[in-house]
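What the coordinates show
Take a look at the letters that make up each chain.
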Amino acid sequence: MDQAMRAAAKPAPTAAGDATRVAGEGEAGPQSRETDGFQLVIDALKLNGLDTIFGLPGIPITDLTRRMQANGMRVISFRHEQNAGYAASIAGFMTGKPGICLTVSAPGFLNGLTALAHATTNCFPMILISGSSEREVVDLQQGDYEEMDQLAIARPHAKAAFRVLHAEDIGVGVARAIRAAVSGRPGGVYLDLPAKLFPQAMDAEAGRQSLIKVVDPAPRQIPAPDAVKRAVDLLRSAKRPLIVLGKGAAYAQADADIRALVERTGIPYLPMSMAKGLLPDTHEQSASAARSYVLPEADVVMMIGARLNWLLSHGKGKTWGGATSKSWGGQRFVQIDISPQEADSNVRIDAPVVGDIGSCVSAMLAAIGTGFPKPPAEWLDAIAERRTKNVAKMAESLAKNPVPMNYHSALGVVRDIVRANPDAFLVNEGANALDHTRAVVDMFKPRKRLDVGTWGVMGIGMGYSVAAAVVGGQQVIAVEGDSAFGFSGMECETICRYGLPVCVVILNNNGVYRGDEVNPTGGRDPSPLVFVKGARYEKLMEAFGGVGVMAATPAELRSAMEEAIRSRKPTLINAVIDEKAGTESGRITSLNPSAKKKQ
Ligand code: OXT
Ligand code: ADP
Ligand code: MG
């Protein structure tokens, strides 16, 4: 570090956490000859266009949140850090800029850590900034207030983790965090800011000089021409080609080129859950409704921003036409991904194309030119036949009107409302509530479907909803299982406090998967899987000034959703579903260890 800068840094005379002094520009601004750690964190973030913070105040970051607001930043304050963290993670996915979560030390930090790990697992750029206790005391384990070696704990769950000890290093710390979060494969980054850092004062001009506006934080990574040629040659040789679009393809914001590649090759495509809407789900090349046919039958599969992880049965086994649950189905793979280590992680990748999706897809388009042969008619016809059959089957279940409602009769309404409001975000979690929504509700625009992601994690609902409304500026529809909602339900207060256009629809079947299970001993405790019967979740939104509606029929659900969207008021609709309607674990029953034993 620069000696002059080090000399310029010294502890400020004021105490951190002085609630009565909101310093902002006035105290350490252009006229002042001194700045401090608080101000430098704010200036470093703003300089890089990071002006929205999701967090929860307390020692040692209370004044930081106040001063951020005083400096014109948007500070969205949550009721639990995990929800703030999920908000930051999905803001990263939506914008391609790191979402920022700000927490207090130890317990607040740990509450945010699940979301940081979620961001890393899902390849979402996010920075968890956490205040921490005094280094010297923590390292000697002398029992400081909220003592914890946060950096060490964060490291395995983050793509990178940094600590800043001196005010003059804040610029570098923030710059490194931004680069680590968004370059290459995006992920979660931890930035540890000890309490002592914030009041450190230094010369304002030296402070200004120490800040870094990051140039080209996510540089393009151009694929090698021979890798592109190998991939195009393999695709050309295919008799039954398939494209799988993952959430990396949605994240890349190369929407027009991806659509052009799909349409110019004429290859059927399968969108992973959060890639739905990259091309409209009603597109004639979509093979969503023929999933279990195309995966085992395809001979060449091009993965674009999707991993062959559990969601794709690791690229092998019966899903892919393999003879046993572990054997290769005979497919040959092209994989477009920014991570050079992704290829061969589960099965052999014959044509890896390493680079950013924008550059890779445009290179593929150039290599293909206009002369790509249309896939054989037998393949396209066979897919169309399966699709027609499944769509008709779905239409039949949607047309039924059982009493009480089931997933399909309620989701038929959501499907219509989303179709009529294609700019709305659809947040979705639960088990049956997730799986049925994914299949029933078509998406029409990219990055509008936001869900549980790679871990299938419950609890993203309200955090994602807040972020989508704040960052995306559009109506949000959150379709929630009643269990899933419980993980973040208190954020209804946050939604009401900020007046956000969020319409929560709880598909309420009184429990985890179903609500009809009983204690086999006949004892007084209920089954671990069920909740209070007839719970009035809608009262929660009413408690904070929002609108609550109980809907027992599709007509009631429709009119409540239409009104929510018309009024843009925070609304919670308790859609009462048959408690016997669900299946254990939804569509992933086979992953239950007891089901595996039976296989
Ligand atoms: O081809 P086939 O014939 O197979 O048919 C497929 C498609 O072709 C067809 N389809 C269509 N037909 C017609 N038209 C259209 N448009 C169409 N589109 C598709 O439909 C079928 C299905 O298609 P899909 O979905 O594409 O295919 P499939 O085979 O399902 O795909 C496989 C997967 C693996 C890709 C897919 O299933 C998937 O993405 N799954 C994600 C699963 C997931 O992540 N689940 C969440 C976790 S479950 C569990 O862990 C839960 N917990 C534990 C817990 C968690 N998770 N987290 C934490 C922090 N703590 C605990 C809990 C507590 S869930 C849960 C709560 C559950 O209770 P709730 O009350 O919240 O929810 P309810 O269940 O509603 O009560
Ligand atoms: P899904 O769950 O939808 O199948 P995954 O999260 O498994 O998607 O995969 C996303 C993949 O996209 C990751 O392997 C990641 O490296 C890749 N990825 C993310 N952003 C980009 C990008 N801009 N360019 C290329 N690959 C990307
Ligand atoms: Mg349920």
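Residues numbered from 1 in each chain as written. Chains lettered and ligands numbered in written order. Predicted model: local features only at pLDDT ≥ 70, side-chain atom pairs only at ≥ 80, totals over all residues. Heavy atoms only, no water.

Observations concerning the overall build of the protein
- Looking only at helices and strands, the protein has 24 helices and 20 strands in total.
- Taken over the C-alpha trace, the protein has a radius of gyration of 26 Å; the compact-globule value for 599 residues is 25 Å, and the two agree within 12%.
- With the principal axes as the frame, the protein shows a C-alpha extent of 75 × 65 × 45 Å.
- For the protein, the residues scored as buried account for 55% of the 599 residues in total.
- For the protein, long-range pairs separated by at least 24 residues make up 76% of all intrachain contacts whose partners lie at least 6 apart in sequence.
- Of the roughly 24400 Å² that the protein leaves accessible, carbon and sulfur atoms contribute 54%.
- Side-chain charges in the protein split into 65 positive and 62 negative, and the spacing between the mean points of these groups amounts to 6 Å. (Helix = DSSP H or I, 4+ residues; strand = E, 2+ residues; numbered from the N terminus. Rg over C-alpha atoms; globule rule 2.2 N^0.38 Å. Buried < 20%, exposed > 50% of the residue type's maximum accessible area, 1.4 Å probe, protein only. Contact = heavy atoms within 4.5 Å. Areas by Shrake-Rupley, 256 points an atom, 1.4 Å probe, with all protein chains shown as cover. Lys, Arg positive; Asp, Glu negative; His and termini not counted. Charge placed at Lys NZ, Arg CZ, Asp CG, Glu CD.)

Things to note about the coordination of the magnesium ion (ligand 3)
- Looking at the magnesium ion (ligand 3), one finds its protein donor set to be Asp482 (OD), Asn509 (OD1) and Gly511 (O), positioned 2.0 to 2.1 Å from the metal centre.
- Each donor residue of the magnesium ion (ligand 3) lies on the same chain, and together they follow the pattern D-x26-N-x1-G. With Asp482 in helix 20 (residues 482-486) and Asn509 in the loop between strand 18 (502-508) and helix 22 (538-543), this residue pair connects regions lying 27 residues apart in the sequence. Across the pair, Asn509 and Asp482 agree in class, each one buried. (Donors = N, O, S within 2.8 Å, 3.2 Å for Na, K, Ca; no water.)

Topic: the packing of aromatic side chains
- Counted by the stated rule, this structure contains seven aromatic pairs.
- Taking the centre distance of 5.2 Å and the plane angle of 20° together, the rings of Phe38 and Phe198 count as stacked. On the criterion of sequence distance, the pair formed by Phe38 in helix 3 (residues 37-47) and Phe198 in the loop between strand 8 (188-194) and strand 9 (200-203) is long-range, its members being 160 residues apart. Comparing Phe38 with Phe198 shows no difference in burial state: the two are buried.
- Relative to Phe333, the ring of Trp320 lies with its centre 5.4 Å away and its plane at 70°, an arrangement referred to as edge-to-face. One end of the pair, Trp320, is in the loop between strand 12 (300-304) and strand 13 (332-337); the other, Phe333, is in strand 13, with 13 residues separating them in the sequence. (Phe/Tyr/Trp six-rings, centres within 6.5 Å; stacked < 30°, edge-to-face > 60°.)

What to know about the sheet that holds strand 17 (residues 476-481)
- Taken in spatial order, the six strands make up an open sheet running 16-15-17-18-20-19, and their pairing is parallel. Edge strands, defined here as strands with exactly one partner in the open sheet, are strand 16 (449-451) and strand 19 (547-551). For this sheet, the mean angle separating the axes of adjacent strands, direction not counted, is 15°.
- Across six bridges, strand 17 lies against strand 18 in parallel orientation. Its bridge partner being in strand 18, Gly481 is matched across the sheet by Leu507. (Pairing = 2+ DSSP bridges. Axes fitted to C-alpha atoms, helices over the stretch in contact; angles between N-to-C directions.)

So, the nonpolar core
- In terms of nonpolar packing, the biggest core is built from 58 residues, with Phe54, Ile90, Phe93 and Leu450 touching the most fellow members.
- With eight residues, helix 5 (residues 81-95) is the single largest residue contributor to this core. (Core = buried A, V, L, I, M, F, W, Y, C linked by side-chain atoms within 4.5 Å.)

Points about the sheet that holds strand 14 (residues 351-354)
- Pairing within the open sheet is parallel, and its five strands lie in the order 11-10-12-13-14. The outermost strands of the open sheet, each flanked by one partner alone, are strand 11 (269-271) and strand 14. The sheet shows a mean angle of 15° between the axes of neighbouring strands, direction not considered.
- Pairing analysis gives four bridges linking strand 13 to strand 14, with the strands arranged parallel. Residue Val334 lies in a different strand from strand 14, and its bridge partner there is Ala351.
- Packing of helix 11 (residues 225-236) onto the sheet brings it into contact with strand 12, strand 13 and strand 14, and relative to strand 14 it is tilted by some 140°.
- Contacts from helix 13 (residues 255-265) reach strand 10 (241-245), strand 11 and strand 12 within the one sheet, and its direction differs from that of strand 10 by about 165°.

Considerations on the environment of Phe124
- The topology assignment puts Phe124 in the loop between helix 6 (107-122) and strand 6 (126-132).
- With a relative accessible area of 1%, Phe124 lands in the buried category.
- For the pair Phe124 and Val182, spaced 58 residues apart in sequence, the C-alpha separation works out to 8.1 Å.
- Not counting chain neighbours up to four residues away, the residues in contact with Phe124 comprise Ser89, Ile90, Phe93, His118, Ala119, Pro186, Gly187, Gly188, Lys247, Met274 and Tyr464.

Considering the environment of Val441
- Positionally, Val441 belongs in the loop between helix 18 (432-440) and strand 16.
- Val441 sits in the buried class, given a relative accessible area of 0%.
- Dropping the residues within four chain positions of it, Val441 is found in contact with Lys276, Asp281, Leu411, Val414, Arg415, Val418 and Leu426.

Section: the site of ligand 2
- Around ligand 2 sit 19 residues in total, of which Arg185, Lys247, Arg307, Asp337 and Ile357 are the nearest.
- Contacts to ligand 2 include Gly305, whose backbone N or O atom sits 3.4 Å from an oxygen atom.
- Here Ile338 contributes a backbone N or O atom positioned 3.1 Å from a nitrogen atom of ligand 2.
- Protein coverage of the free-state accessible area of ligand 2, which is 580 Å², stands at 96%.
- When residues in the shell around ligand 2 are grouped by element, the largest group, three residues, is from helix 12 (residues 247-251).
- Of the residues that constitute the shell around ligand 2, the class distribution is eight nonpolar, six polar and five charged.
- In terms of domain composition, the shell around ligand 2 takes at least three residues from each of domain 1 (3-210) and domain 2 (225-383). (Near = heavy atom within 4 Å. Polar contact = N/O pair within 3.5 Å; in protein donor to acceptor, adjacent residues only side chain to side chain. Nonpolar A, V, L, I, M, F, W, Y, C, P; charged D, E, K, R; others polar. Domains from an automatic or database assignment.)

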